[in-house]
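Architecture and fold: a report
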Amino acid sequence: MKKNSIIKRLFAAGLILIFSGSIGLVHPSPKAHASVGSIALSVTDPIKKKGEVFSVICKVTAPAGVLEADFYVDYNTSVLKFIDGGAKASKETGGVHIRSLDNTDSPARRTFSLSFLAQETGDATVFIRSGANVTDGDGNPLSLQTGKVDIVVNETGEQEAAPGSTPEAAQPEQTPKLSNNCKVSELLTNAITLKPEFDPTIRTYEAEVGFDTSTFFLDYKLASKKARAQIKGNRDLTYGLNKVTLTVTAESGKKKRYIFMVTRKTEPDATPAADQAVSGPAADTTQPLDKSENNGYSIILYIVIGLLAVFSVAMIFLVKRQRAELEYYYEEEEREKRLETENDRRSGESDLEGGEIRSEAREFDDRY
């Protein structure tokens, strides 16, 4: 009996454990569904010539959008030298600090372009330092997958010949033929959107950059090492539409031009939370004042100031004139009073003299 009772208890405990485990499988912990994002690094050509300036594109992506990013990009300082990374990147000891904080928008991707100088020959690695902090569009921290790029810097900027292969100098001399290849084989930009996707056969594109982006970065790889490229119009972007051109000149002199119509946003993106109802007047957003409107307001302001100045001068003149008239009036009134007083005094003296004369005449008559 005791043995059967123990078996029953063990059987019941096993059922309870199985039931608890099934509940855990059906309702997993929220931590099992932590948001995942990525920080990817890319370069058009991993082999660079000593003295060459090139760009490493850093893309931060997340399914729910990227609100803020704060992380370091490390590299071999003995081989590479950091040149520029825009307003969001700054050089610090051992790496580049990228800080994109206090944003009001949360695009699916934030792109940063870092310029480096290949200052010494050797192998270098550009990678993301551990401890990166990125939050998604809902303000939640992301679990990040990070990448790296390996770069080789040599004297030629080309792949070195494998051991045992015949060097080019030992090859039979041939009549040199100038290349007509002026294509771009690969292209990376810091645009939020690029339409259509880059294709070497397509020459015109539409791109969009953020409100706080003043430079349209283009990092490219030419199909021919002997071709040369020139970029115009990609810096100091104005709000609205800008035209950027990438002109590639082949060794033979043949040219191909790629045109990018770049739109710089005129205001930051405002992404309201999904659970908030938007009602009433739209929230105020700061927009750059159009120059023509600014000139109109200035002209009106100048006219108003001018009218006020004229009115003030006129009022001062009228007040002075009124004051002068009052002073003249008071002086005339005072003069008349003095004349009346003088006349009254003289009239009294005349009456007194007449009375004395009449009195003397009366005395004379009485006497005789």
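Residues numbered from 1 in each chain as written. Predicted model: local features only at pLDDT ≥ 70, side-chain atom pairs only at ≥ 80, totals over all residues. Heavy atoms only, no water.

Here the focus is the nonpolar core. Formed by 32 residues in total, the largest nonpolar core has its most connected members in Phe71, Leu80 and Val126. Going through the elements one at a time, strand S1 (36-42), strand S3 (53-61), strand S4 (66-74), strand S5 (80-84), strand S7 (95-100), strand S8 (109-118), strand S9 (122-128) and strand S12 (148-154) are the ones with two or more residues in this core. With residues up to four places along the chain from it excluded, the contact list for Leu80 reads Phe54, Tyr75, Phe116, Leu117, Ala118, Gln119, Ala124, Val126, Ile151 and Val153. Ranked by size, the runner-up nonpolar core spans 20 residues in total, among them Cys182, Val184, Ala250 and Phe260. (Core = buried A, V, L, I, M, F, W, Y, C linked by side-chain atoms within 4.5 Å. Buried < 20%, exposed > 50% of the residue type's maximum accessible area, 1.4 Å probe, protein only. Helix = DSSP H or I, 4+ residues; strand = E, 2+ residues; numbered from the N terminus. Contact = heavy atoms within 4.5 Å.)

Side chains of Glu333, Glu334, Glu336, Glu340 and Asp344 sit close together on the surface and give a patch of like negative charge. Its location among the elements puts Glu340 in helix H2 (residues 291-367). (Patch = residues over 30% accessible without salt bridge, like charges linked within 9 Å, V, L, I, M, F, W, Y side chains within 5 Å. Areas by Shrake-Rupley, 256 points an atom, 1.4 Å probe, with all protein chains shown as cover. Salt bridge = Lys/Arg side-chain N within 4 Å of Asp/Glu carboxyl O. Lys, Arg positive; Asp, Glu negative; His and termini not counted. Charge placed at Lys NZ, Arg CZ, Asp CG, Glu CD.)

Another point: the pairing of S1. The alternating pattern of S1 places Gly37, Ile39 and Leu41 on a buried face, while none of Val36, Ser38, Ala40 and Ser42, on the opposite face, is buried. Across four bridges, the pairing between S1 and strand S11 (residues 143-146) is parallel. By the bridge assignment for S11, Val36 is matched with Ser143. Where S1 meets S3, five bridges bridge the pair, whose relative direction is antiparallel. Bridge pairing links Leu41 to Cys58 in S3. (Pairing = 2+ DSSP bridges.)

Let us now look at the layout of surface pockets. As a volume, the largest pocket reaches approximately 860 Å³. Elements represented by at least two residues in the lining of the largest pocket include exactly strand S2 (47-49), S3, S5, S8, strand S16 (218-222) and strand S17 (228-232). Among the elements that make up the lining of the largest pocket, the one with the highest residue count is S16 (five residues). Partitioning the lining of the largest pocket into residue classes produces eleven nonpolar, nine polar and twelve charged. (1 Å grid on protein atoms, 1.4 Å probe; cavity = no way out; pocket = protein on both sides within 12 Å on 5 of 7 lines; lining within 4 Å. Points joined across faces, edges and corners; volume = space filled by probe spheres on them. Nonpolar A, V, L, I, M, F, W, Y, C, P; charged D, E, K, R; others polar.)

Time to look at the pattern of salt bridges. Taken as a whole and assessed by the stated rule, the structure comprises nine salt bridges. In this structure, Arg321 engages Glu325 in a salt bridge whose closest nitrogen and oxygen atoms are separated by 3.6 Å. With Arg321 and Glu325 both in helix H2 and four residues apart, the pair spans about one turn of that helix. Residue Glu325 is classed as partly exposed on the basis of its relative accessible area of 41%. Among the ionic pairs, Glu332 bridges to Arg335, the shortest N-O distance being 2.5 Å. Residue Glu332 and its partner Arg335 are located together in helix H2, separated by three residues, close to a single helical turn.

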